[in-house]
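Overview (structure and organization)
Below, each chain spelled out in residue letters.
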Amino acid sequence: MGGVEGFMYPNEIELHWSVLIVLYPFITGLVAGAFILASLERVFRVDAVKPTYRLALLTALSFLLVAPLPLQLHLGHPERSPEMYFTPHSTSAMAMFGYVYLWYLMAVLVFEIWLDYRRDIVLLAERSKGIVRIVYRAMTLGSTNISPRALHIDERVGWIVTLIGIPSAFMLHGYVGFIFGSIKANPWWSSPLMPVVFIFSAMVSGIACVMVLYMATAKLRGRNIDMRCVDTIAMYLFYTFIIDFSLEMLDLIHRVYEADESFRSLNFMVHTKLYFSHIVVQILCGTLVPLVLLAITQVVKLGEVVRKRIYAVAGLLTLMGIFAMRWNVVIGGQLFSKSYLGYTTYKVGLVSREGMLVALALSLLPLLILWVLIKLLPPWPAENVPAEAGD
Amino acid sequence: MNLFKDAGHLLRFAALFVIAFLVFWAIRGFVVPRSFGQYGHYRGAAIGEIGARPLHFAGHDACETCHSDVVDVKKAGKHAHVNCEACHGPQAKHAADPGNVTPVKLETAALCVRCHAASAARPKTFPQVNAADHSNGVACETCHQPHSPGMDTPAANAGGAK
Amino acid sequence: MNLSRRQILVLLPAAAVAWKAVLAGTPEEAPNYSMSDHWWGMLIDVPKCIGCGNCVRACQAENDVPDGFFRTWVERYHVTDTNMTNPEVISPDGGKEGFPTAAEDAGKYFFVPKLCNHCADSPCTQVCPVGATFVSPDGVVLVDPKYCLGCAYCVQACPYGCRYIHPEKKVADKCTLCYHRITKGLTTACAENCPTGARQLVDLKNPHDPIHAFLKTHSVQVLKPQMATGAKVYYNELDGSVR
């Protein structure tokens, strides 16, 4: 068999979880992270990040809508996936997915966005024509009550929803970590730190994603970037990243020091098959470089243009690093034999159902959805709504 | 009262949830297989379906019902505990319809060495030979009757070769 | 009663009819089988295995196992006294066509047949999100191919590498301990065809099963006991280097 070194159990040679399963925790991580950023403004009253509040919510929604697709595509029988809702197995971390997902989508994200946009939706419904009008009318759910009292109630309820949303976001991504962390058969995955590392890396990737998207949309719209806003986001990104990196290093040091029965095998893998994606891409380019760049902005006084460039580069590198981290967890966990005696190779197809093109399409799809959402529900400050309604 | 009026839109959103839940529950009652949960969190009928899969190996008891003559030869020799289909292959079809389904003749040359070709990996007590040195190309069954392969047993030259 | 071949031929049609009923039978029709009376497992007598690959071939023939995947396979270990914890292991095509000849050297050789351990606390059934794989009341870990999503979570959760996704059916597939045979009073295809008796089906609930006496008098081990899976495939004289 091609690509096998040493001894693999014969059923282990082919990987069962592909690049699509790499994409899935990456995408849900962006959702959870973007939502946490939005909650900064809402719950923790960090006014500086207000310009990104709505954008963060819409980003979270568009990625959340795409999140189940890679899972669905990877299933042998996608048509049977409703069984997860009909007969969820109480001992399975994966069975929780359906429910946590629905809860997060409907009770948290859609509800919060709806509450926040209700006034705009009602106004837009009055002003627009044709099909668009029908869409907006449907979104009002037949209630045009935007009296100050009703809006005040929305504000209060929205605050509570955000408050519930924070633990929900943690749960959404924490359980993804648990899916891997709870597999005792796999020493690369099995770790109680896994859910925590997933949550913090999710926050890092989500914050970086919204920061980059905010700067990109501002540039595309020809508006000035609110520097107070991106400075604050960058600061939060820096501190969450430090926590995330410390946790990952703690996990690594613990493994190296304990050096249990699996260590020799895993160590060899990290130095060979996983060297590029783990050491070079994830730790060097995707973690240390952006951390140093962000640290510089925190310590040295730099001009606006330089800061913007640094943020953009650091943000993109961070996203790449977190993607590499998901890759190393999912793919790395399948490259070594559970006999600790050999290694296999992951061959990713280009056009197959679980191939690179599908993965690429699935990564771009959330941006397309975000574009539609932005057109439908402009996230920019209220003053723009009347002026740019026909935009 | 006024509060209820101003929170009316929230009730509409909640109503969406209630409707969705009722639809879900109705579909669930219709879709979940009847035997699900019969013995545990799985489809009970699956056990019966798996148990009803077709047989390919009839098992030595079925063989011995008819081929009692071979059994007699075998039980005296060293292959007493080697079951029929270990060499003859899956014979459930033959057992079900002995008149029409005839087992193919075996290639003893390939068959014997599967177990008896000498290798340091095999247990030392297990009889094994280097085929080339051992027989110089003479077919195994010239000297060894497969059903009772020992050279010193009286069954060695008895029937059972076919 | 001693029947000649000729007499048997006369009786054959009746026997054939009865046999057909067994072939097509459902457990309800399978007489005298009650799930609560059995708790199945297997005994592997390591020193008896000669690495002929008969079990692997028999399993494929009995269960239509797709090429390249294995419900059972045989590994050959080569352990040298200087490197006990890092054995050289091979399993060419699961040992289906046997093994290359080995020459005598300083190390020791032995064969280890592997199959699903039919764990009582099975990590694979624990993670199934929908209840498509389960431990049956008689202790056999089964997959319901009509309910399985093909998510492969169970494949990841098995510490022994005993599961795979069936390339055509797109569902998880694994050893059923020949459930369709053992419920009819037959033994598994691998045990039936093992020429040396290295594999034996055992029923731990049957007080007359020789396994009870065997366990009393031998050093028996399960694979990866540290996984605490409640494995029910018992290995006699298992070497410490086996993974």
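Because the structure is predicted, anything quoted here is derived from the model rather than measured. (Residues numbered from 1 in each chain as written. Chains lettered and ligands numbered in written order. Predicted model: local features only at pLDDT ≥ 70, side-chain atom pairs only at ≥ 80, totals over all residues. Heavy atoms only, no water.)

**Topic: the pattern of salt bridges**
Pairs can form between side chains of opposite charge once their charged atoms are near each other. Under the convention used in this document: Salt-bridge detection follows one rule: a side-chain nitrogen of Lys or Arg within 4 Å of a carboxyl oxygen of Asp or Glu. Only protein chains enter the area calculation, which uses a 1.4 Å probe; residues under 20% of their type maximum are buried, those over 50% are exposed, and those in between are partly exposed. Helical segments are the DSSP runs of H or I of at least four residues, strand segments are the runs of E of at least two, and each set is numbered from the N terminus.
Within this structure, the stated rule accounts for 25 salt bridges over all chains. A:Asp120 is paired through a salt bridge with A:Arg119; the nearest N and O atoms lie 3.6 Å apart. Using a relative accessible area of 5% as the deciding quantity, one classes A:Asp120 as buried. Residue C:Lys96 pairs with C:Asp67 through a salt bridge whose shortest N-O separation is 3.3 Å. Remark: C:Asp67 occurs in the loop between helix 2 (54-63) and strand 2 (72-79) and C:Lys96 occurs in the loop between strand 3 (88-90) and strand 4 (108-115); sequence separation between them is 29 residues. The class for C:Lys96 is buried, based on a relative accessible area of 10%. Salt bridges here are not isolated pairs; linked through shared partners, they connect A:Arg42, A:Arg54, A:Glu112, A:Asp116, A:Arg119, A:Asp120 and A:Glu155.

**Section: the confidence of the model for chain B**
As a note on interpretation, predicted positions should not be read in detail where pLDDT is low. Applicable threshold: A residue's pLDDT is the confidence the predictor assigns to it, expressed on a 0 to 100 scale.
Predicted confidence across chain B gives a mean pLDDT of 88, with 91% of residues reaching 70 or more. Ranking the helices and strands of chain B by mean pLDDT puts helix 3 (residues 45-51) of chain B first, with 96, and helix 1 (residues 2-6) of chain B last, with 73.

**Some points on the sheet that holds strand 4 of chain C**
All names here are of chain C. Under the convention used in this document: Only strands joined by at least two bridges in the DSSP assignment are considered to pair. Note on definitions: angles span 0 to 180 degrees between N-to-C directions of axes, and those axes are lines fitted to C-alpha atoms, for helices only across the stretch in contact.
Strands sit in the order 3-2-4 across an open sheet of three strands; the sheet is antiparallel. In this open sheet, the two edge strands, each paired with only one partner strand, are strand 3 and strand 4. Strand-to-strand twist across the sheet, computed as the mean angle between neighbouring axes with direction ignored, equals 25°. For strand 2 and strand 3, the ladder comprises three bridges, and the chain directions are antiparallel. Directly across from His78, in strand 3, lies its bridge partner Glu88.

**Considering the interface of chain C and chain B**
Stated formally: Any two residues having at least one pair of non-hydrogen atoms within 4.5 Å are treated as being in contact. Computed with a 1.4 Å rolling probe, the buried area is the accessible surface lost when two parts are put together, summed over both parts. Pairs of N or O atoms are called polar contacts if they sit within 3.5 Å, as long as, within protein, a hydrogen donor faces a hydrogen acceptor (for residues adjacent in sequence, only side-chain-to-side-chain pairs). For this scheme, ten residues count as nonpolar: Ala, Val, Leu, Ile, Met, Phe, Trp, Tyr, Cys and Pro. Four count as charged, namely Asp, Glu, Lys and Arg, and the remainder, Gly too, count as polar.
Chain C puts 59 residues into the contact, and the matching count from chain B is 48 residues. Together, the buried faces of chain C and chain B total about 4,300 Å²; carbon and sulfur atoms form 60% of this surface. For B:Glu49, the salt bridge goes to C:Lys146, with nearest N and O atoms at 3.3 Å. Linking chain C to chain B there are 14 residue pairs in polar contact (both at pLDDT 80 or more). A total of eight residues in the side of chain C that touches chain B trace back to one element, the largest contributor, which is helix 1 (residues 5-24) of chain C. Its residues assigned to classes, the side of chain C that touches chain B comprises 34 nonpolar, 12 polar and 13 charged.

**Section: the interface of chain A and chain C**
Listed by partner, the interface residues are 37 residues for chain A and 49 residues for chain C. Carbon and sulfur atoms make up 54% of the surface buried where chain A meets chain C, a total of about 3,500 Å² over both sides. If you sort the residues of chain A by the area they bury against chain C, A:Tyr9, A:Asn11 and A:Lys184 come out on top, with a joint share of 18%. The tally of links from chain A across to chain C stands at zero salt bridges. On the surface where chain A and chain C come into contact, there are 28 residue pairs in polar contact (both at pLDDT 80 or more). Listing elements by their share of the side of chain A that touches chain C, those giving two or more residues are helix 4 (83-86) and helix 7 (148-181) of chain A. Of the residues in the side of chain A that touches chain C, the class split is 17 nonpolar, 13 polar and seven charged.

**Structural notes on the packing of helix 10 (residues 263-271) of chain A against helix 11 (residues 275-299) of chain A**
The angle between the axes and the distance between the axes are what describe a pair of packed helices. Residues and elements named next belong to chain A. What counts here: The scheme is simple: roughly parallel for angles under 35 degrees, roughly antiparallel for over 145, roughly perpendicular for 65 to 115, oblique for anything else.
Their axes nearest at 6 Å, the elements helix 10 and helix 11 cross at an angle of 70°. The pairing of helix 10 with helix 11 is recorded here as roughly perpendicular in orientation. Contacts between helix 10 and helix 11 involve Met269, Val270 and His271 from the first element and Tyr275, His278 and Ile279 from the second. Taken together, the residues of the contact of helix 10 with helix 11 break down into four nonpolar, two polar and no charged.

**Brief notes about the pairing of strand 1 (residues 40-45) of chain C**
Residue and element names in this part refer to chain C. Across the six residues that make up strand 1, a large majority, six, are buried. Every second residue of strand 1 is oriented toward a common face, with Trp40, Met42 and Ile44 on one face and Gly41, Leu43 and Asp45 on the other, all of them buried. With five bridges connecting them, strand 1 and strand 9 (residues 199-203) associate as antiparallel partners. Within strand 9, the residue paired with Ile44 across the bridge is Arg199. Bridge count for strand 1 against strand 11 (residues 233-236) is four bridges, and the pairing is parallel. Counted as the bridge partner of Asp45 is Asn236 from strand 11.

**Focus: the packing of aromatic side chains**
Basically, it comes down to this: Ring geometry is summarised as follows: Phe, Tyr and Trp rings, the Trp one being its six-membered ring, pair when their centres sit within 6.5 Å, and such pairs are stacked at plane angles under 30 degrees, edge-to-face over 60 and tilted between the two. Cation placement over rings: the criterion is NZ of Lys or CZ of Arg within 6 Å of the ring centroid and within 35° of the ring normal.
As enumerated under the stated definition, the model contains 29 aromatic pairs over all chains in all. When the centroid spacing of 5.3 Å and the interplanar angle of 45° are considered together, the rings of B:Phe36 and C:Tyr147 count as tilted. Remark: C:Tyr147 occurs in the loop between strand 6 (141-143) and helix 4 (153-157) and B:Phe36 occurs in the loop between helix 2 (8-31) and helix 3; the pair is interchain, linking two chains. Residues B:Phe36 and C:Tyr147 agree in their burial class; the two are buried. By the ring-pair criterion, three or more aromatic residues cluster together here, those being A:Trp17, A:Phe180, A:Trp189, A:Phe198 and C:Tyr153. A:Arg156 extends its terminal NZ or CZ atom over the ring of A:Trp159, reaching a point 5.6 Å from the ring centre. Geometry around B:Trp25 places B:Arg28 over its ring, the cationic atom sitting 5.2 Å from the centre.

**Brief notes about the sheet that holds strand 11 of chain C**
Across the sheet, four strands lie side by side as 9-1-11-10 (chain C); this open sheet has mixed pairing. Across the chains shown, the open sheet's two edge strands, defined by having one partner strand only, are strand 9 and strand 10 (220-221) of chain C.

**Here's the deal with the environment of A:Leu37**
Residues and elements named next belong to chain A. Inspection of the secondary structure assignment puts Leu37 in helix 1 (residues 19-42). According to the relative accessible area criterion, Leu37 is buried, its value standing at 1%. In this structure the C-alpha to C-alpha distance between Leu37 and Gly206, which are 169 residues apart in sequence, comes to 7.6 Å. Beyond its immediate stretch of four places on either side in the chain, Leu37 contacts Val49, Thr52, Ile207, Val210 and Ile233.

**Considerations on the environment of A:Arg42**
Residue and element names in this part refer to chain A. Within the secondary structure, Arg42 sits in helix 1. Taking the C-alpha atoms as reference, Arg42 lies 22 Å from Leu376; in sequence the two are 334 residues apart. Filtering out sequence-adjacent residues up to four positions away, Arg42 remains in contact with Tyr53, Glu112, Asp116, Asp154, Glu155, Gly158, Trp159 and Thr162.

**Details of the packing of helix 11 of chain A against helix 12 (residues 304-330) of chain A**
All names here are of chain A. To be explicit about the condition: We call a crossing left-handed when the near helix sits turned anticlockwise from the far one by less than a right angle, and right-handed when that turn is clockwise.
The geometry of helix 11 relative to helix 12 is characterised by a closest axis approach of 8 Å and an angle of 150° between their N-to-C directions. Compared by their axis directions, helix 11 and helix 12 come out roughly antiparallel. Like other packed secondary-structure pairs, helix 11 and helix 12 cross with a definite hand, here left-handed. Facing helix 11, whose interface residues are Ser277, His278, Val281, Gln282, Cys285, Gly286, Val289, Pro290, Leu293, Leu294 and Thr297, helix 12 presents Ile310, Tyr311, Val313, Ala314, Leu317, Thr318, Met320, Gly321, Ala324, Met325, Trp327 and Asn328. Of the residues that constitute the contact of helix 11 with helix 12, the class distribution is 15 nonpolar, eight polar and no charged.

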